[in-house]
Amino acid sequence: PREVSDDKRTQQPLALYIRQVPDAANAPRKQPAPVFTQAGGDGWFELSPVAWARDGSRYAFTTWEREKELLRLYIGVADENAKPEMVLERRGDVGHEVVNVLNPRFTPDGKTVVLTLGEAGWRQPYAWDIATKSLRPLLKGDFEAHQVLGFTPDSKTLFVVANKDDLAAMNLYRVNMADGAMQALGAAVDYH
């Protein structure tokens, strides 16, 4: 609805609810208060899709506030009365594609959240360890690897699309989560 970029943005307020699903014998309980809210208004606010651990015990999402240059990662537990914890915050230039690329995901064992950050000038996956509350890069090198495809069931291997061998072409790689060793699974210039 904006005709020019200076027009005010009219973002609607946003709320995230965690709700226990009742079993067949019980009626739904009263709606709890939201665990996360954003007031809306004249600002650029993005929220990533909410990622859930496979066992349903926790969830994660990222937010981006463009005017404040504020990027945050939140992790919450599956409790309709518990607010998610903001576990990571970055300010300033965090890259030209933000929340839609970060796309946090849990490893199958639920112990790690993997998200894409531009910490070293290249968008690459980083691991947030739930237990130690620490962030570590999963790859090293001057190349883009912003698309995480998935994990092996044992959470030891990550699959990414990267331009490691040719900056003009992407390829599929298997990455060892422990040491970052990469193995190309396709030809060097599979696609551009």
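All of these numbers come straight from a predicted model, not from anything done at the bench.

Participant: Could you give an account of the nonpolar core, naming the residues involved and the relevant values?
Facilitator: Leu73, Ile75, Phe106, Val113, Leu117 and Trp128 are the most contacted members of the largest nonpolar core, which has 17 residues in total. Looking at this core, the elements that each hand over two or more residues are strand S5 (58-65), strand S6 (70-77), strand S7 (85-91), strand S9 (112-117) and strand S10 (124-129). Beyond its immediate sequence surroundings of up to four residues, Trp128 is in contact with Leu73, Ile75, Val87, Leu88, Lys111, Thr112, Val113, Lys133, Ser134 and Leu135.

Participant: Can you explain the pairing of S5? Please cite residues and give values.
Facilitator: Counting buried residues along S5, seven of its eight residues qualify, which places the element largely inside the surrounding structure. Where strand S3 (residues 45-47) meets S5, three bridges bridge the pair, whose relative direction is antiparallel. For Leu47, the partnering residue across the bridge sits in S5 and is Thr63. Two elements, strand S4 (residues 51-52) and S5, share two bridges in a ladder whose sense is antiparallel. Counted as the bridge partner of Ala51 is Ala60 from S5. Where S4 hands over to S5, the hairpin turn is made up of five residues, of which Gly56 adopts a positive phi near 75 degrees. One ladder, built from eight bridges, connects S5 with S6; its direction is antiparallel. Its bridge partner lying in S6, Phe61 is registered against Tyr74.

Participant: Provide a residue-level description of the pattern of salt bridges, including the pertinent values.
Facilitator: One side chain can pair with another of opposite charge once the charged atoms of both are near each other. Applying the stated rule across the entire model yields seven salt bridges. Salt-bridge contacts for Glu119 lead to Arg90; the nearest nitrogen and oxygen are separated by 3.0 Å. Highlighted residues: Glu119 in the loop between S9 and S10 and Arg90 in strand S7, separated in sequence by 29 residues. A relative accessible area of 38% places Glu119 in the partly exposed class. By sharing partners, the salt bridges in this structure join Arg72, Glu89 and Arg91 into a single network.

Participant: Account for the pairing of strand S11 (residues 134-137), naming residues and giving values.
Facilitator: Direction of pairing for S10 relative to S11: antiparallel, over a ladder of four bridges. Opposite Trp128, over in S11, you have Leu135 as the bridge partner. Taken together, S10 and the strand that follows it, S11, pair antiparallel across an intervening segment of four residues, in which Lys133 is found at a positive phi of about 55 degrees.

The rules behind the values
- Residues numbered from 1 in each chain as written.
- Predicted model: local features only at pLDDT ≥ 70, side-chain atom pairs only at ≥ 80, totals over all residues.
- Heavy atoms only, no water.
- Core = buried A, V, L, I, M, F, W, Y, C linked by side-chain atoms within 4.5 Å.
- Buried < 20%, exposed > 50% of the residue type's maximum accessible area, 1.4 Å probe, protein only.
- Helix = DSSP H or I, 4+ residues; strand = E, 2+ residues; numbered from the N terminus.
- Contact = heavy atoms within 4.5 Å.
- Pairing = 2+ DSSP bridges.
- Salt bridge = Lys/Arg side-chain N within 4 Å of Asp/Glu carboxyl O.

Note that every value here comes from positions in space, so none of it alone points to a role or purpose.
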